[in-house]
Amino acid sequence: GAGVSQSPSNKVTEKGKDVELRCDPISGHTALYWYRQSLGQGLEFLIYFQGNSAPDKSGLPSDRFSAERTGGSVSTLTIQRTQQEDSAVYLCASGPSGEYREQYFGPGTRLTVT
Amino acid sequence: SQQGEEDPQALSIQEGENATMNCSYKTSINNLQWYRQNSGRGLVHLILIRSNEREKHSGRLRVTLDTSKKSSSLLITASRAADTASYFCSNTGGFKTIFGAGTRLFVKA
(Lines give C-alpha, C1' and ligand atoms only; values in the text may rest on other atoms or scores of the structure.)
Protein backbone atom coordinates (compact mmCIF):
# COMPACT_ATOMS: atom_id res chain seq x y z
CA GLY A 1 0.00 0.00 0.00
CA ALA A 2 0.94 3.65 -0.18
CA GLY A 3 3.44 4.87 2.35
CA VAL A 4 4.00 8.30 3.81
CA SER A 5 4.62 10.89 1.14
CA GLN A 6 6.16 14.32 1.47
CA SER A 7 6.37 17.24 -0.87
CA PRO A 8 8.36 18.86 -2.19
CA SER A 9 11.32 16.49 -2.09
CA ASN A 10 13.69 19.44 -2.34
CA LYS A 11 13.14 23.12 -1.67
CA VAL A 12 15.59 25.97 -2.12
CA THR A 13 14.49 29.29 -0.75
CA GLU A 14 15.97 32.67 -0.02
CA LYS A 15 16.54 33.81 3.53
CA GLY A 16 13.49 35.60 4.87
CA LYS A 17 10.93 33.82 2.72
CA ASP A 18 8.21 31.55 4.10
CA VAL A 19 8.01 27.87 3.16
CA GLU A 20 5.37 25.18 3.50
CA LEU A 21 6.21 21.50 3.68
CA ARG A 22 3.52 18.88 3.21
CA CYS A 23 3.07 15.41 4.64
CA ASP A 24 0.51 12.84 3.54
CA PRO A 25 0.40 10.11 6.18
CA ILE A 26 -0.66 6.52 5.73
CA SER A 27 -4.44 6.30 5.67
CA GLY A 28 -5.87 5.44 9.06
CA HIS A 29 -2.80 6.43 11.06
CA THR A 30 -3.80 8.66 13.92
CA ALA A 31 -0.32 9.71 14.95
CA LEU A 32 1.82 12.10 12.90
CA TYR A 33 5.28 13.36 13.74
CA TRP A 34 7.60 15.98 12.29
CA TYR A 35 11.36 15.76 12.78
CA ARG A 36 14.31 17.79 11.56
CA GLN A 37 17.68 16.31 10.73
CA SER A 38 20.74 18.38 10.03
CA LEU A 39 23.55 16.90 7.96
CA GLY A 40 25.11 13.94 9.74
CA GLN A 41 23.05 14.46 12.85
CA GLY A 42 20.26 12.65 14.64
CA LEU A 43 16.57 13.38 14.51
CA GLU A 44 15.28 16.45 16.29
CA PHE A 45 11.66 16.11 17.35
CA LEU A 46 9.52 19.05 16.28
CA ILE A 47 5.83 18.31 16.78
CA TYR A 48 3.46 15.39 17.35
CA PHE A 49 -0.22 15.05 16.46
CA GLN A 50 -2.40 12.30 17.91
CA GLY A 51 -5.98 12.10 16.73
CA ASN A 52 -8.03 15.07 17.86
CA SER A 53 -5.86 15.82 20.86
CA ALA A 54 -3.94 19.07 21.16
CA PRO A 55 -0.57 18.63 19.43
CA ASP A 56 2.67 18.36 21.36
CA LYS A 57 4.58 21.38 20.09
CA SER A 58 7.39 21.17 22.60
CA GLY A 59 10.06 20.56 19.96
CA LEU A 60 9.39 23.57 17.76
CA PRO A 61 12.59 25.64 17.89
CA SER A 62 10.99 29.07 17.56
CA ASP A 63 7.70 30.82 16.91
CA ARG A 64 8.63 30.95 13.23
CA PHE A 65 7.70 27.28 13.07
CA SER A 66 4.10 26.08 13.05
CA ALA A 67 2.23 23.01 11.89
CA GLU A 68 -1.32 22.05 11.19
CA ARG A 69 -3.05 18.79 10.58
CA THR A 70 -6.33 19.11 8.74
CA GLY A 71 -9.08 16.55 9.09
CA GLY A 72 -6.78 14.24 10.97
CA SER A 73 -4.86 13.50 7.78
CA VAL A 74 -2.59 15.81 5.78
CA SER A 75 -0.18 17.96 7.73
CA THR A 76 1.64 21.14 6.74
CA LEU A 77 4.77 22.43 8.45
CA THR A 78 5.26 26.16 7.90
CA ILE A 79 8.50 28.02 8.49
CA GLN A 80 8.21 31.79 8.38
CA ARG A 81 11.08 34.17 7.66
CA THR A 82 13.48 31.32 6.98
CA GLN A 83 17.04 31.49 8.24
CA GLN A 84 20.11 29.65 6.99
CA GLU A 85 20.15 27.51 10.13
CA ASP A 86 16.75 26.14 9.09
CA SER A 87 18.49 24.23 6.29
CA ALA A 88 17.95 20.54 7.01
CA VAL A 89 15.96 17.50 5.97
CA TYR A 90 12.46 17.60 7.40
CA LEU A 91 11.04 14.16 8.01
CA CYS A 92 7.44 13.23 8.62
CA ALA A 93 6.29 9.95 10.12
CA SER A 94 2.90 8.49 10.84
CA GLY A 95 1.83 5.63 13.01
CA PRO A 96 -1.16 3.75 14.29
CA SER A 97 -2.69 4.40 17.66
CA GLY A 98 -1.92 1.98 20.40
CA GLU A 99 0.81 1.18 22.80
CA TYR A 100 3.76 0.40 20.58
CA ARG A 101 3.77 3.38 18.27
CA GLU A 102 5.89 2.11 15.43
CA GLN A 103 6.60 4.96 13.04
CA TYR A 104 6.56 4.89 9.26
CA PHE A 105 8.72 7.57 7.72
CA GLY A 106 8.35 9.56 4.56
CA PRO A 107 11.35 10.28 2.30
CA GLY A 108 11.79 13.77 3.71
CA THR A 109 12.02 17.27 2.28
CA ARG A 110 15.49 18.70 1.92
CA LEU A 111 15.28 22.43 2.65
CA THR A 112 18.13 24.73 1.67
CA VAL A 113 17.99 28.36 2.71
CA THR A 114 20.39 30.56 0.75
CA SER B 1 17.86 16.30 27.50
CA GLN B 2 15.69 13.23 27.11
CA GLN B 3 17.59 12.20 24.03
CA GLY B 4 19.05 8.73 23.99
CA GLU B 5 22.55 8.07 22.87
CA GLU B 6 23.98 5.46 20.58
CA ASP B 7 27.56 4.33 20.65
CA PRO B 8 29.81 4.09 18.91
CA GLN B 9 29.08 7.16 16.80
CA ALA B 10 30.79 5.45 13.88
CA LEU B 11 31.80 1.87 13.19
CA SER B 12 33.81 0.45 10.29
CA ILE B 13 34.05 -3.32 9.80
CA GLN B 14 34.82 -5.89 7.12
CA GLU B 15 32.06 -7.75 5.32
CA GLY B 16 31.23 -10.95 7.19
CA GLU B 17 32.07 -9.55 10.61
CA ASN B 18 29.47 -8.83 13.26
CA ALA B 19 28.50 -5.27 14.14
CA THR B 20 27.32 -4.28 17.60
CA MET B 21 25.74 -0.94 18.39
CA ASN B 22 24.56 0.22 21.78
CA CYS B 23 21.88 2.63 22.86
CA SER B 24 21.21 4.24 26.21
CA TYR B 25 18.15 6.15 27.28
CA LYS B 26 17.11 8.23 30.24
CA THR B 27 13.41 7.83 30.91
CA SER B 28 11.14 4.86 31.51
CA ILE B 29 9.92 3.32 28.30
CA ASN B 30 7.06 1.31 26.84
CA ASN B 31 9.22 -0.04 24.07
CA LEU B 32 12.45 0.55 22.22
CA GLN B 33 12.83 0.45 18.48
CA TRP B 34 15.72 0.37 16.05
CA TYR B 35 15.64 2.10 12.69
CA ARG B 36 17.96 2.25 9.73
CA GLN B 37 18.57 5.26 7.51
CA ASN B 38 20.25 5.22 4.12
CA SER B 39 21.56 8.35 2.47
CA GLY B 40 20.09 10.80 4.99
CA ARG B 41 16.49 10.26 3.97
CA GLY B 42 13.57 8.34 5.47
CA LEU B 43 14.07 5.85 8.25
CA VAL B 44 13.08 2.22 7.96
CA HIS B 45 11.81 0.37 10.99
CA LEU B 46 13.92 -2.69 11.81
CA ILE B 47 12.74 -4.18 15.07
CA LEU B 48 10.76 -3.35 18.19
CA ILE B 49 11.40 -4.75 21.64
CA ARG B 50 8.88 -4.28 24.42
CA SER B 51 9.88 -3.18 27.88
CA ASN B 52 9.07 -6.63 29.30
CA GLU B 53 11.24 -8.43 26.73
CA ARG B 54 14.97 -9.01 27.07
CA GLU B 55 15.96 -10.28 23.64
CA LYS B 56 14.50 -10.42 20.19
CA HIS B 57 15.67 -11.78 16.83
CA SER B 58 14.79 -10.91 13.27
CA GLY B 59 16.87 -12.50 10.54
CA ARG B 60 20.47 -11.37 11.06
CA LEU B 61 19.41 -8.86 13.70
CA ARG B 62 19.51 -9.49 17.43
CA VAL B 63 18.34 -6.88 19.91
CA THR B 64 18.74 -6.98 23.66
CA LEU B 65 17.18 -4.73 26.26
CA ASP B 66 18.34 -4.14 29.82
CA THR B 67 15.83 -1.89 31.54
CA SER B 68 17.84 -1.84 34.77
CA LYS B 69 20.73 -0.23 32.88
CA LYS B 70 18.45 1.68 30.51
CA SER B 71 20.35 0.29 27.55
CA SER B 72 19.85 -1.76 24.41
CA SER B 73 22.14 -3.31 21.85
CA LEU B 74 21.69 -4.15 18.19
CA LEU B 75 23.81 -6.93 16.76
CA ILE B 76 24.03 -7.45 13.01
CA THR B 77 25.61 -10.82 12.23
CA ALA B 78 27.52 -11.68 9.06
CA SER B 79 27.44 -8.08 7.88
CA ARG B 80 27.16 -7.17 4.22
CA ALA B 81 28.20 -4.08 2.31
CA ALA B 82 24.49 -3.32 1.91
CA ASP B 83 24.21 -2.93 5.69
CA THR B 84 26.16 0.32 5.40
CA ALA B 85 23.79 2.93 6.86
CA SER B 86 23.03 4.92 9.98
CA TYR B 87 21.23 3.11 12.76
CA PHE B 88 19.05 4.87 15.29
CA CYS B 89 17.32 3.72 18.41
CA SER B 90 14.16 5.35 19.66
CA ASN B 91 12.39 4.91 22.92
CA THR B 92 8.75 5.53 23.57
CA GLY B 93 7.45 6.46 26.96
CA GLY B 94 4.22 8.31 27.46
CA PHE B 95 3.38 10.20 24.29
CA LYS B 96 6.83 11.10 23.10
CA THR B 97 9.32 9.11 21.09
CA ILE B 98 12.93 10.14 21.49
CA PHE B 99 15.59 9.33 18.91
CA GLY B 100 19.30 9.11 19.57
CA ALA B 101 21.97 10.63 17.35
CA GLY B 102 22.67 7.35 15.59
CA THR B 103 25.60 5.08 14.77
CA ARG B 104 27.08 5.31 11.29
CA LEU B 105 28.03 1.81 10.16
CA PHE B 106 30.36 1.26 7.23
CA VAL B 107 30.83 -2.28 5.99
CA LYS B 108 33.81 -2.74 3.69
CA ALA B 109 33.52 -5.28 0.92
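Scroll up to find the structure.
What you see is a predicted model; the values in this text were computed from it and never measured. (Residues numbered from 1 in each chain as written. Chains lettered and ligands numbered in written order. Predicted model: local features only at pLDDT ≥ 70, side-chain atom pairs only at ≥ 80, totals over all residues. Heavy atoms only, no water.)

Colleague: Could you give an account of the overall build of chain B, with specific residues and numbers?
Modeller: Looking only at helices and strands, chain B features 0 helices and 11 strands. Tracing chain B from N to C terminus, the helices and strands come up as β-β-β-β-β-β-β-β-β-β-β. Taken over 109 residues, chain B has a buried fraction of 43%. Of the roughly 5,100 Å² of accessible surface on chain B, 47% is carried by carbon and sulfur atoms. (Helix = DSSP H or I, 4+ residues; strand = E, 2+ residues; numbered from the N terminus. Buried < 20%, exposed > 50% of the residue type's maximum accessible area, 1.4 Å probe, protein only. Areas by Shrake-Rupley, 256 points an atom, 1.4 Å probe, with all protein chains shown as cover.)

Colleague: Requested: an account of the packing of aromatic side chains, with residues and values cited.
Modeller: Across all of its chains, the model carries 5 aromatic pairs over all chains by this definition. Ring geometry for A:Tyr35 versus A:Phe45: centroids 6.2 Å apart, planes at 70°, classification edge-to-face. Of this pair, A:Tyr35 sits in strand β4 (residues 31-37) while A:Phe45 sits in strand β5 (residues 44-50), placing them 10 residues apart in sequence. Each member of the pair, A:Tyr35 as well as A:Phe45, is classed as buried. Taken together, a centroid distance of 5.6 Å and an interplanar angle of 80° make the contact between A:Phe105 and B:Tyr35 edge-to-face. (Phe/Tyr/Trp six-rings, centres within 6.5 Å; stacked < 30°, edge-to-face > 60°.)

Colleague: I'd like a description of the pattern of salt bridges, backed by residues and values.
Modeller: It is possible for side chains bearing opposite charge to pair when their charged atoms get close. Scanning the model with the defined rule gives 8 salt bridges over all chains in all. Here A:Lys17 makes a salt bridge to A:Glu14, at a shortest N to O gap of 3.7 Å. Since its relative accessible area comes to 44%, A:Lys17 is described here as partly exposed. Measuring nitrogen to oxygen at the nearest pair gives 2.9 Å for the salt bridge that ties B:Asp83 to B:Arg60. Residue B:Asp83 is located in the loop between β8 (71-76) and β9 (85-93), and its partner B:Arg60 is located in the loop between β6 (55-58) and β7 (61-66); the two are separated by 23 residues in the primary sequence. Given a relative accessible area of 5%, B:Asp83 falls into the buried group. (Salt bridge = Lys/Arg side-chain N within 4 Å of Asp/Glu carboxyl O.)

Colleague: So what's going on with the sheet that holds strand β3 (residues 19-24) of chain A? Residues and values would help.
Modeller: Residue and element names in this part refer to chain A. One open sheet holds the 4 strands; their spatial order is β1-β3-β7-β6, and the pairing between them is antiparallel. The two strands at the open ends of the sheet, each matched to only one other strand, are β1 (5-7) and β6 (65-69). Averaged over all neighbouring strand pairs, the angle between strand axes comes to 15°, with direction disregarded. Looking at chain direction, β1 and β3 are connected through 3 bridges and run antiparallel. Residue pairing across strands places Ser-5 opposite Asp-24, the latter belonging to β3. (Pairing = 2+ DSSP bridges. Axes fitted to C-alpha atoms, helices over the stretch in contact; angles between N-to-C directions.)

Colleague: Please set out the side chain of A:Arg69 residue by residue, giving values where relevant.
Modeller: Residues and elements named next belong to chain A. Relative to the helices and strands, Arg-69 resides in strand β6. It turns out Arg-69 is buried and unbridged, and the closest side chain with the opposite charge, Asp-24, is 9.8 Å from it. Separated by 2.7 Å, the side chain of Arg-69 and the backbone oxygen of Thr-30 make a polar contact. Reaching out from Arg-69, the side chain makes a polar contact with the backbone oxygen of Ser-73 at a distance of 2.9 Å. (Lys, Arg positive; Asp, Glu negative; His and termini not counted. Polar contact = N/O pair within 3.5 Å; in protein donor to acceptor, adjacent residues only side chain to side chain.)

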